[in-house]
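# Architecture at a glance
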Amino acid sequence: MSRLFVQSDWVTPLIVALSLGVLISLFNPAFLSTFNIQVLLEAVSINVLIALSQMVIIAIGQMNLSVGALGGLAAVIFAGLMEVFGIPPVLAGAMALGVGLAGGLLNGLLIGLTGISAFVITLATLSIFKGLNLAITQAQPFYEIPDSVKLFGNSTLFGPFPIIFIPAALTVILMVVFFNRLPVGRWLLAVGGNAHSAELSGISTTKTVVIAHAISGLLAACAGILLVARLQLGQPTIGDDWLIMSFAAPIIGGAILAGGHVSTVATVFGVLIVAQITQALVLFHIDPFLVQVVLGLMILAAVFANQWRESRLQRAGQE
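Below, the structure is looked at part by part.

Rules and cut-offs
Residues numbered from 1 in each chain as written. Predicted model: local features only at pLDDT ≥ 70, side-chain atom pairs only at ≥ 80, totals over all residues. Heavy atoms only, no water. Helix = DSSP H or I, 4+ residues; strand = E, 2+ residues; numbered from the N terminus. Rg over C-alpha atoms; globule rule 2.2 N^0.38 Å. Buried < 20%, exposed > 50% of the residue type's maximum accessible area, 1.4 Å probe, protein only. Contact = heavy atoms within 4.5 Å. Salt bridge = Lys/Arg side-chain N within 4 Å of Asp/Glu carboxyl O. Patch = residues over 30% accessible without salt bridge, like charges linked within 9 Å, V, L, I, M, F, W, Y side chains within 5 Å. Areas by Shrake-Rupley, 256 points an atom, 1.4 Å probe, with all protein chains shown as cover. Phe/Tyr/Trp six-rings, centres within 6.5 Å; stacked < 30°, edge-to-face > 60°.

## Structural notes on the overall build of the chain
A count of helical and extended segments in the chain gives 14 helices and two strands. What you see for the chain is a C-alpha radius of gyration of 20 Å, in line with the 20 Å of a compact globule of 319 residues. Overall, the chain is about 65 × 55 × 35 Å in size when its C-alpha atoms are taken along their principal axes. Within the chain, the fraction of its 319 residues that count as buried is 50%. Across the chain, contacts joining residues at least 24 apart in sequence account for 76% of those joining residues at least 6 apart.

Printed below as a string of structure tokens:
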């Protein structure tokens, strides 16, 4: 049993998530109300896309500081195309996804072709994407969101399950298949584990880096579009607070920052844990600004826990 805890990425986050749910509901039964569960699932639906957007990059041993800025840019373009040009939501959404994909490709090409650190490149593109966002919006939100988009972002399918939970769930399934069944998913983990060995095995590091950043940009744009639907406006500040969240959930889910090891399912439970804690702070009337403090402490705890687990696995392998 203890070996299962050590080897499985998702078991510990699952137990922590279930324990948190029970503990919070004991102190405040409103936590299990239909409305609260709906709010929780709406937050999870969007945050899981943000977390997966960063997790793909962690898989190759890099980081993407521009996740929030790119997601925010896609969000305001989605809202602006509908308000200013009257473009139908489906077409505007496709164009916003195209912006996310293009932004991700730009990151990947700059990193892959120049060899400059992903930290430096994505820090620069963060500023570029945010500047474009402010140039487009003039720091003013787009309010004229079509009713169909508002309905999509704020309706439930059945019970407390929001409609926006569907694209998030489909994305999680696709990512599980991507990393476990498709060769390109294994390429990402191989490059993250040891780029030199991956090259010797015939895997193109540059191509893999470009693919990872393209997927990351696409997922960030998808999160931005869903957030516009949920908020019912194209707020220029969308994405400003995504960075910590994007790292917290994958790390809580056992991802190794050096690359080569990530877990999609465990990352989903990491998102759920963060959402539960955020909801608990609201229910217990605790200062919401403490969320950032809690997230920072959770990242530190998760990093220490991951190091402890890795050392246990190494010792078990030597025995």
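## Concerning the pattern of salt bridges
For the coordinates displayed, the defined rule picks out two salt bridges. Of the charged contacts, one joins E42 and R230 as a salt bridge, the two residues approaching to 3.5 Å between their closest N and O atoms. Here the residue E42 occupies a position in helix α3 (residues 34-59), and R230 occupies one in helix α11 (residues 205-231), the gap between them amounting to 188 residues. You can call E42 buried: its relative accessible area is 7%.

## Digging into a nonpolar patch on the surface
The grouping of V22, L23, L26, F27, F284, I286, L290, V293, L297, L300 and F304 at the surface amounts to a nonpolar patch, some 1,100 Å² of accessible area in total. Broken down by secondary-structure element, the contributors of at least two residues to the nonpolar patch are α2 (11-27) and α14 (290-318). No other element matches α14, which puts five residues into the nonpolar patch. Position of L297 among the secondary structure elements: in helix α14.

## Considerations on the packing of aromatic side chains
All told, the structure shown has three aromatic pairs when counted by the stated rule. Measuring from centroid to centroid gives 5.2 Å for F158 and F161, while their planes differ by 35°, and the two rings are tilted. Taking 5.1 Å as the distance between ring centres and 85° as the angle between the ring planes, the aromatic pair formed by F178 and F179 counts as edge-to-face. Members of the aromatic cluster, joined through ring pairs, are F158, F161 and F165.

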